Amino acid sequence: MTAATNWLSLSPMMTSIPQSSATPTPTVYLGTGGYSDTDMLGTLYPIGTKKTDFLAEYAKHYGAVEINSSFYAPLGHKAYEGMLRKSEGKVKFAIKLHQDFSHTLKATPEHATAFIEALQPLIEADCLAPLLIQFPHGFDRTHANRLYLAKLANWFSDYPLAIEFRHASWHIPQVEHSFQQFGLIWCSVDYPQVNGLPNSRLLFTQGNRNTDQENAQAKTLSKQKRIGYLRMHGNNLNWWNALSASERHDYRYTPQEMQNWAQAIANQRQHFDELYVFFQNSTKAHAYYNIQMLRSALENLQFQVL
């Protein structure tokens, strides 16, 4: 059985993650899902800022951004070169995989190669954050889907890959431990507490691994930074009835909620070196205020926040 298929096996070895005796200061990158929301005018972006100047202004405040437009249409070299130029190399870019990888499932190894090739400007500038794939509610843990996921993980095995599952069948210990074994990043998500969505939680799967496997993959994984990924959707209980993404994300976290998340992150600081936190609630500038709250809380807990 190959490594790609083994991590999806029905009964993987259950191992705990040993904690390191030293606890260096982890880095937390804060940002938003996209940077083009005009609702951020008057807060993040000064009134009168042109949309073409949004990213340059964004780079003055945040250290990372999640690019979601790549889900709808492939972006090319020039697009990423433009992002790099406007941000002056100050921002890490998390790139969402195109919908053919996650929704239509029509992607091929050639599509993956082309997707990575387009990212070369970011890779060469060391400005690539994790790749993100977000599977829809209909992608449950069938045998066929497990095999597909194994292939996809292999296509992107040279790059940090964060995977978000919205179907509850994936939210089980054996999948989590398979992620640990093969260095995949569990995409933690704060969802509204409504029926049909998984429970919100914070999980790190790139901990110190058992490197008894004598293969190149294990040796490579042991040298990687341990990366976490967290998406903040808010707690709008009208999630299923909302008519748009903006309406779904119309929620501003309270200072106490942000303090609770900061403490949850601090409680697991020994399990990661870098954590990317992306707020999806930029509507009505909610994300701007929530990032301020979380930044303050994390800095008080002695994190380096970018």
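Refer to the structure above for everything that follows.
Not measured: the values here are computed from a predicted model.

**Q** Can you help me understand helix H12 (residues 286-300) in this one?
**A** Because each turn of an α-helix spans 3.6 residues, side chains separated by three or four positions end up pointing in the same direction. Helix length check: H12, at 15 residues, gives a terminal C-alpha distance of 22 Å against a target of 21 Å (1.5 Å per residue), a fit within 8%. Listed in full, the buried residues belonging to H12 are His286, Ala287, Tyr288, Asn290, Ile291, Leu294, Arg295, Ala297 and Leu298. Looking at the buried side of H12, the elements it contacts are strand E1 (27-32), helix H11 (255-267), strand E8 (274-279) and strand E9 (304-305). With its phi angle positive at about 70 degrees, Gln302 sits one or two positions after the end of H12.

**Q** I keep staring at the pattern of salt bridges and nothing clicks. Help me out?
**A** Any two side chains of opposite charge can pair, so long as their charged atoms come close to each other. Scanning the model with the defined rule gives ten salt bridges in all. Between Glu88 and Lys90 there is a salt bridge, with the nearest N and O atoms lying 3.3 Å from each other. As a salt-bridge pair, Asp250 and Lys284 come within 2.9 Å of each other at their nearest N and O atoms. Highlighted residues: Asp250 in the loop between helix H10 (245-248) and H11 and Lys284 in the loop between E8 and H12, separated in sequence by 34 residues. Look at Asp250 and you get partly exposed, because its relative accessible area is 28%.

**Q** I would appreciate a short explanation of the nonpolar core in the present structure.
**A** Generally speaking, soluble globular proteins have nonpolar side chains that are buried together. Judged by nonpolar contacts, the single largest core of 71 residues is most densely connected at Phe93, Ile95, Phe101, Phe156 and Phe165. Top contributing element to this core by residue count: H12, with six residues. If sequence neighbours within four positions are ignored, Phe101 has contacts with Ala107, His111, Ala112, Phe115, Ile133, Phe135, Tyr148, Leu152, Trp155 and Phe156.

**Q** Explain the environment of His286 here, please?
**A** Examined against the element boundaries, His286 turns out to sit in helix H12. Note: C-alpha distance between His286 and Met40 (246 residues apart in sequence) is 8.6 Å. Once you skip the residues sitting within four places of it in the chain, His286 turns out to touch His249, Asp250, Tyr251, Arg252 and Asn281.

**Q** Looking at this model, I keep getting lost on the packing of aromatic side chains. Mind explaining?
**A** Aromatic ring pairs are defined here through the distance separating the ring centres and the angle between the ring planes. All chains considered together, the criterion is met by 23 aromatic pairs. Between Phe115 and Phe156, the ring centres sit 6.4 Å apart and the planes meet at 90 degrees, which makes this aromatic pair edge-to-face. Of this pair, Phe115 sits in helix H5 (residues 109-118) while Phe156 is found in the loop between helix H7 (143-155) and strand E5 (161-165), placing the two residues 41 residues apart along the sequence. On the basis of relative accessible area, Phe156 is assigned to the buried category, the value being 1%. For the pair Phe165 and Trp170, a centre-to-centre distance of 4.4 Å together with 5 degrees between the ring planes defines the contact as stacked. By relative accessible area, which is 2% here, Phe165 ends up buried. Counting every residue linked through ring pairs, the aromatic cluster contains Phe135, Phe139, Phe165, Trp170, Phe179 and Trp186. Against the face of Phe71 rests Lys96, its NZ or CZ located 4.9 Å from the ring centre. Taking NZ or CZ as reference, Arg269 lies 4.1 Å from the ring centre of Phe303, over its face.

What counts and what doesn't
- Just so you know, the residues in each chain are numbered from 1, in the order the chain's sequence is written.
- For a predicted model such as this one, the threshold for reporting local features is a pLDDT of at least 70, and the threshold for listing and counting side-chain atom pairs is 80 or more; totals across whole chains, interfaces and linings nevertheless cover every residue.
- Water and hydrogen atoms play no part in the side-chain values, which are based on all heavy atoms of the structure.
- We count a stretch as a helix when DSSP gives it H or I for four or more residues in a row; a strand needs E for two or more, and each element gets its number in order from the N terminus.
- One fewer than the residue count of a helix, multiplied by 1.5 Å, yields its expected span.
- Three labels apply to residues, based on accessible area from a 1.4 Å probe with only protein chains included: buried if under 20% of the type maximum, exposed if over 50%, partly exposed otherwise in between.
- Contact criterion: two residues are considered in contact whenever any of their non-hydrogen atoms come within 4.5 Å of each other.
- When a carboxyl oxygen of Asp or Glu lies within 4 Å of a side-chain nitrogen of Lys or Arg, that pair is called a salt bridge.
- Throughout this description, the term nonpolar core refers to a set of buried Ala, Val, Leu, Ile, Met, Phe, Trp, Tyr and Cys residues connected via side-chain atoms within 4.5 Å.
- Between the rings of Phe, Tyr and Trp (Trp by its six-membered ring), a pair exists once the centres lie within 6.5 Å; its type follows the angle of the planes, with under 30 degrees stacked, over 60 edge-to-face, and the other angles tilted.
- Cation placement over rings: the criterion is NZ of Lys or CZ of Arg within 6 Å of the ring centroid and within 35° of the ring normal.

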